[in-house]
Amino acid sequence: MTDTTDEALEPGADAASAMAHYVSALHSSALHSSALWPGDTGVLGEQPRRALLELIKGPYLSGVKAPALWSALLADEAGIRSRLDELFLELVVDRVGEFAFVRNVSTTELKVPSAVRSAALSFLDTAMLLVLRQMLLAGEGEGRVIVGRDDVFEQLRVYRTADRDESDFAKRLNSSWLNMKNKLRVIHQAGAEDRAEISPVLRLIVDAEQIQAIGAEYKRIAAAGGVVQIDIADDELDRGDTDPDDSEEQTA
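Criteria and thresholds
Residues numbered from 1 in each chain as written. Predicted model: local features only at pLDDT ≥ 70, side-chain atom pairs only at ≥ 80, totals over all residues. Heavy atoms only, no water. Phe/Tyr/Trp six-rings, centres within 6.5 Å; stacked < 30°, edge-to-face > 60°. Helix = DSSP H or I, 4+ residues; strand = E, 2+ residues; numbered from the N terminus. Salt bridge = Lys/Arg side-chain N within 4 Å of Asp/Glu carboxyl O. Buried < 20%, exposed > 50% of the residue type's maximum accessible area, 1.4 Å probe, protein only. Arc of directions from axis to C-beta. Contact = heavy atoms within 4.5 Å. Pairing = 2+ DSSP bridges. Axes fitted to C-alpha atoms, helices over the stretch in contact; angles between N-to-C directions. Core = buried A, V, L, I, M, F, W, Y, C linked by side-chain atoms within 4.5 Å. Parallel < 35°, antiparallel > 145°, perpendicular 65-115°, else oblique. Left-handed = near helix turned anticlockwise from the far one by under 90°. Nonpolar A, V, L, I, M, F, W, Y, C, P; charged D, E, K, R; others polar.

### Thoughts on the packing of aromatic side chains
Alright, step 1. Scanning all chains against the criterion turns up two aromatic pairs.
Alright, step 2. Between Phe123 and Tyr159 the ring centres are 5.4 Å apart and the planes differ by 80°, which places this aromatic pair in the edge-to-face class. A residue pair is termed long-range when its members are at least 10 positions apart, and Phe123 in helix 6 (residues 123-139) and Tyr159 in the loop between helix 7 (149-156) and helix 8 (166-183) qualify at 36 residues.
Alright, step 3. Seen from their ring centres, Phe153 and Trp177 are 5.9 Å apart, and the 90° between their planes marks the pair as edge-to-face. Within this pair, whereas Phe153 is found in helix 7, its partner Trp177 is found in helix 8, the two being separated by 24 residues in sequence.

### Let's talk about the pattern of salt bridges
Alright, step 1. Counted according to the given criterion, the structure contains 14 salt bridges.
Alright, step 2. As a salt-bridge pair, Arg81 and Glu77 come within 2.9 Å of each other at their nearest N and O atoms. Remark: Glu77 and Arg81 occur in helix 5 (residues 77-85); sequence separation between them is four residues, near one turn of the helix.
Alright, step 3. Since its relative accessible area comes to 13%, Glu77 is described here as buried.
Alright, step 4. For Arg144, the salt bridge is made with Glu197, and the minimal N-O distance between the two is 2.9 Å. Residue Arg144 is located in the loop between helix 6 and strand 5 (146-148), and its partner Glu197 is located in strand 7 (residues 192-198); the two are separated by 53 residues in the primary sequence.
Alright, step 5. We classify Arg144 as exposed; its relative accessible area is 57%.
Alright, step 6. Here the residues in one salt-bridge network are Glu154, Arg157, Arg160 and Glu166, joined through shared partners.

### What about helix 5?
Alright, step 1. Every buried residue belonging to helix 5 is among Glu77, Gly79, Ile80 and Leu84, and all of these are buried. Projection of helix 5 onto a plane perpendicular to its axis shows the buried side chains occupying an angular sector of 165°, all on one side. Exposed side chains of helix 5 directed beyond 90 degrees from the buried face belong to Ala78 and Asp85.
Alright, step 2. In the core, the buried residues of helix 5 are packed alongside helix 3 (46-57), helix 4 (67-75), strand 2 (89-94) and strand 3 (99-104).

### Looking at the sheet that holds strand 1 (residues 61-62)
Strand pairing in a sheet relies on backbone hydrogen bonds, with the paired strands running either antiparallel or parallel.
Alright, step 1. Taken together, the three strands give an open sheet; going across it, the order is 1-3-2, and neighbouring strands pair in antiparallel fashion. Across the chains shown, the open sheet's two edge strands, defined by having one partner strand only, are strand 1 and strand 2.
Alright, step 2. Pairing geometry for strand 2 and strand 3, over six bridges, is antiparallel. Directly across from Glu90, in strand 3, lies its bridge partner Arg103.
Alright, step 3. Helix 5 contacts strand 2 and strand 3 of the sheet and is inclined by roughly 150° relative to strand 2.

### Concerning the pairing of strand 3
Alright, step 1. In the sheet, strand 1 pairs with strand 3 via two bridges, with the strands oriented antiparallel. Within strand 3, the position partnered with Ser62 by the bridge is Phe99.
Alright, step 2. Between strand 2 and strand 3, which pair antiparallel one after the other, the connecting turn spans four residues, and Glu98 there sits at a positive phi close to 55°.

### Here we look at the nonpolar core
Alright, step 1. If you look at the biggest cluster of nonpolar residues, it comprises 31 residues, and the most contacted ones within it are Met128, Leu132, Val152 and Ile198.
Alright, step 2. Among the secondary structure elements, those contributing two or more residues to this core are strand 3, helix 6, helix 7, helix 8, strand 7 and helix 9 (202-205).
Alright, step 3. At eight residues, helix 6 tops the list of elements feeding residues into this core.
Alright, step 4. One finds Leu52, Leu55, Trp70 and Leu89 within the second-largest nonpolar core, a separate group that totals 17 residues.

### Considerations on the packing of helix 7 against helix 8
Alright, step 1. Running from N to C, helix 7 and helix 8 cross one another at 120°; their axes reach a closest spacing of 11 Å. Between helix 7 and helix 8, the crossing angle belongs to the class labelled oblique. Relative to helix 8, the crossing made by helix 7 is right-handed. Contacts between helix 7 and helix 8 pair Arg149, Val152, Phe153 and Leu156 from the former with Phe169, Leu173, Asn174 and Trp177 from the latter.
Alright, step 2. Looking at side-chain class alone, the contact of helix 7 with helix 8 contains six nonpolar, one polar and one charged residues.

What follows is the structure, encoded as structure tokens:
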């Protein structure tokens, strides 16, 4: 690169042409320095790429669970945002809660494709999601929000319909609890099996506008059950780590 640049800057060379040549040489050098294998034209380093992949896989990147990827995200946030922009995705970062996730770009400038899929949640799944969100908001000022499974289940018993006996309803509650833990990853075991910490990401994954939409949908399907559509990064739903009863729950 040195020989080429020196040649471009020889006396008599056109200044604009020399500058363009210099910038091109720098760009070529930058591409080469970030290459991870022969023919690699990516511009991100290895760790930022891994952070980008984790964001796209979803549902979110946690600084607590993956500190190295979190550091990589913060170190090259602009570069990662640029790559996500090319996929019509917006990066949301909460530095206090140490988590980040992606969502579809919202703009009136053009019609953009939906890159983040909609996850089909059962009525009971959605009710549990809202209960957990309420508990999170109520206890946020106290630090980590840890709840008991039985306390969550108790708030949902009002949704047991006449055609569901206690045993069947308990089975469905357990299925929804596993969905929150293994699929959406909005709760994490905290000590005993029946205790869980609510992830602060839940505060942003389901925003106020979605809460209103879900509430309206509740009124429509409360009597008969059904599914509610909610936009989240739901790739976890397709990884095979499902509970045997999930298929039944999703179509209840």
